Amino acid sequence: MSANTSSDRDATPCAYTDYREGAAAEDLPATGEDATGLEADIWDALYGIEDPEMPISIVDLGLIYGVYLEDDTVTVDMTLTYSGCPARDMLTEEVKAEVAAVDGVDDTDLRLVWSPEWTVEMVTERGEQALQEFGLSV
Amino acid sequence: MAFDDPDTLEGRERRALETLVTRLADDQFVLAERYTEWQVRAPTLESDLALANNAQDELGHARLWYDVLEDIGLDEQDLVYERDPDDFRHSTLVERPFEEGDWADVVLRSYFYDAAEAVRLAALEDSAHPKIADRVGKIRSEEEYHLEHAQNWLERLADGESEGGDEDGHERLQNALDRLFPHALTLFEPVDPEREADIVELGLRDATLEELGEEWLSIVLPYLESLGLVVPVDIDEDDPEFTVTDDLLPDERGRDGTHTDAWYDLYDEFTHTYRELERSEPTKLMDTPQ
């Protein structure tokens, strides 16, 4: 899980990024820091969803790669820690339901994306604290 | 680019995509079905967990590939549980039953498969289909552990001979190799020659099956020989290029829809509960939510 370490950090940021390549790794995970209005409400809803096995929000775990709002339609780009994740349906259904329940959201679309692949580097600082309190060393 | 929007695909593109991805998914799904037979039967608790975990990864990968087919109107549940067994396109390597209790069989099979997987995934990294390219990295990084696991065990089993006394591991490996090698070669057999050409021409994959097969052989032959195993092919020292000929291949090749009898038994087994419970529709707790 320790791929994408030093060599990537030294790399020059890529000026051109398209959807196929996913967002540049240094911008991930998305955390909605600067979101306002309806978008901020959506991020609040996402923060409220916990990983099924650990007391950590899926946002702090680094699973959310993007939230895109167009009129009243929301698209969430999300990944999973590994491909055989048995909680896949449970988590994706929960994300769709929680986002759809936000006041002002009309339509929700969820895209599972796999690049760049999730590694433990995606966990936010707050996520690391939560995991440490839980007894995991990250 | 056509593959960005699956709704616009023409017949030829659609068929090439279906051929490529069905093969990837079926290999992974059937291999996982076989791996799970080792649960609570592997030689140690650690190896039991490792193989169970690999099986779970393979199911995850199968699902990532079946997902891609969903865009062209094919449904995962239909593909796994409603499809005629003759329409599965996996290699016969993954459908063969294990010799009873033969851990060397699963270790070698896993090596053959994971080495091939590394080669063919590399050829998909720059696929013209964005969803395929998006998934390759994740799958590759998980498969790397499988390869490491297989090689780790292969080396220990092959060592059986040199440590004296216990030649069992080495002998079992050689027997498994003699049985499995022809089936491993089917990994690179065509589903349909025309569609295979389309897969490369349309940029879905950047190497032909022949090229993938040659690369695989250039990796596995020297490695297995370095372990003191004999691979049943004659390689001319002056002309080391090795070609797969018909007499090296088994009668059933999987890719073309022909399968060994063991496949039909396995199919009956994994679809048994589904049929018995009439699971043609997902179970609902209530007719209408209240």
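About the thresholds
Residues numbered from 1 in each chain as written. Chains lettered and ligands numbered in written order. Predicted model: local features only at pLDDT ≥ 70, side-chain atom pairs only at ≥ 80, totals over all residues. Heavy atoms only, no water. Pairing = 2+ DSSP bridges. Helix = DSSP H or I, 4+ residues; strand = E, 2+ residues; numbered from the N terminus. Contact = heavy atoms within 4.5 Å. Buried area = accessible area lost by both parts, 1.4 Å probe. Salt bridge = Lys/Arg side-chain N within 4 Å of Asp/Glu carboxyl O. Axes fitted to C-alpha atoms, helices over the stretch in contact; angles between N-to-C directions. Patch = residues over 30% accessible without salt bridge, like charges linked within 9 Å, V, L, I, M, F, W, Y side chains within 5 Å. Areas by Shrake-Rupley, 256 points an atom, 1.4 Å probe, with all protein chains shown as cover. Lys, Arg positive; Asp, Glu negative; His and termini not counted. Charge placed at Lys NZ, Arg CZ, Asp CG, Glu CD. Buried < 20%, exposed > 50% of the residue type's maximum accessible area, 1.4 Å probe, protein only. pLDDT = per-residue confidence, 0-100. 1 Å grid on protein atoms, 1.4 Å probe; cavity = no way out; pocket = protein on both sides within 12 Å on 5 of 7 lines; lining within 4 Å. Points joined across faces, edges and corners; volume = space filled by probe spheres on them. Polar contact = N/O pair within 3.5 Å; in protein donor to acceptor, adjacent residues only side chain to side chain.

Draft legend 1. Structural view of the pairing of strand β1 (residues 64–70) of chain A. Residue and element names in this part refer to chain A. Strand direction decides the pairing type here: β1 and strand β2 (residues 73–78), joined by 6 bridges, are antiparallel. Residue E70 lies in a different strand from β2, and its bridge partner there is T73. With antiparallel pairing between neighbouring strands as the criterion, β1 and β2 make up a hairpin whose turn holds 2 residues, including D71 at a positive phi of roughly 50°.

Draft legend 2. Representation of the interface of chain B and chain A within the structure. In this assembly, 20 residues from chain B lie in contact with 16 residues from chain A. Taking both sides of the interface into account, the surface hidden between chain B and chain A amounts to around 1400 Å²; carbon and sulfur atoms contribute 40%. Of all residues in chain B, the largest losses of buried area upon contact with chain A belong to Q56, D134 and K138 of chain B, amounting jointly to 41% of the total for that side. The tally of links from chain B across to chain A stands at 1 salt bridge.

Draft legend 3. Structural context of the sheet that holds strand β3 (residues 107–112) of chain A. Residues and elements named next belong to chain A. With respect to topology, 3 strands assemble into an open sheet ordered β1-β2-β3, the strand pairing being mixed. Here the strands that pair on one side only, and so sit at the sheet edges, are β1 and β3. Averaged over all adjacent pairs, the angle separating strand axes in this sheet is 15°, with direction ignored. Packing of helix α4 (residues 88–100) onto the sheet brings it into contact with β2 and β3, and relative to β3 it is tilted by some 150°.

Draft legend 4. Seen up close, a negative patch on the surface. Residues and elements named next belong to chain A. Taken together, the side chains of E70, D71, D72, D106, D107 and D109 make up a negatively charged region of the molecular surface. By the element assignment, D107 lies in strand β3. Of the residues examined, D107 reaches a relative accessible area of 43% and is grouped as partly exposed.

Draft legend 5. A look at the confidence of the model for chain A. Residues and elements named next belong to chain A. Mean pLDDT over chain A stands at 85; residues scoring 70 or higher make up 81%. Of all helices and strands in chain A, the one with the weakest mean pLDDT is helix α1 (residues 6–10) (47), whereas helix α3 (residues 58–61) scores best (97). Across residues 1–22 the pLDDT falls below 50, and counting only partners more than four positions away or on other chains, this stretch makes 28 contacts in the model.

Draft legend 6. Examining empty space enclosed by the protein more closely. Residue and element names in this part refer to chain B. Following the criterion strictly, the structure yields 2 cavities of 30 Å³ or more and no others. In this structure, the largest cavity spans a volume of roughly 110 Å³. Contributing to the lining of the largest cavity are L20, R23, L24, A116, R120, L124, L187, F188, R205, L209, L212 and R255. Those elements that provide at least two residues to the lining of the largest cavity are α1 (11–35), α5 (103–122) and α9 (209–226). Ranked by residue count, the leading element in the lining of the largest cavity is α1, at 3 residues.

Draft legend 7. Layout of unusual backbone geometry. Between L28 of chain A and P29 of chain A the backbone carries a cis peptide bond, its omega angle lying at 0°. Looking at where P29 of chain A falls in the secondary structure, it is placed in the loop between α1 and α2 (37–47). Along the chain, S115 of chain A connects to P116 of chain A via a cis peptide bond; the corresponding omega equals -10°. Within the secondary structure, P116 of chain A sits in the loop between β3 and α5 (125–134). Positive phi, normally seen in glycine, also occurs at D71 of chain A, with a value near 50°. Of note, the phi angle at V40 of chain B is positive, near 60°, even though the residue is not glycine. Among the secondary structure elements, V40 of chain B is positioned in the loop between α1 and α2 (45–70).

Draft legend 8. Summary view of the side chain of H259 of chain B. Residues and elements named next belong to chain B. For H259, the position within the fold is in the loop between α9 and α10 (261–276). When its relative accessible area of 5% is taken as the criterion, H259 is described as buried. A polar atom in the side chain of H259 sits 3.5 Å from the side chain of H90. Among the polar contacts made by the side chain of H259, one reaches the side chain of E95 at a distance of 2.7 Å. Once residues within four sequence positions are removed from consideration, H259 is found in contact with P85, F88, H90, E95, E252, G254 and Y264.

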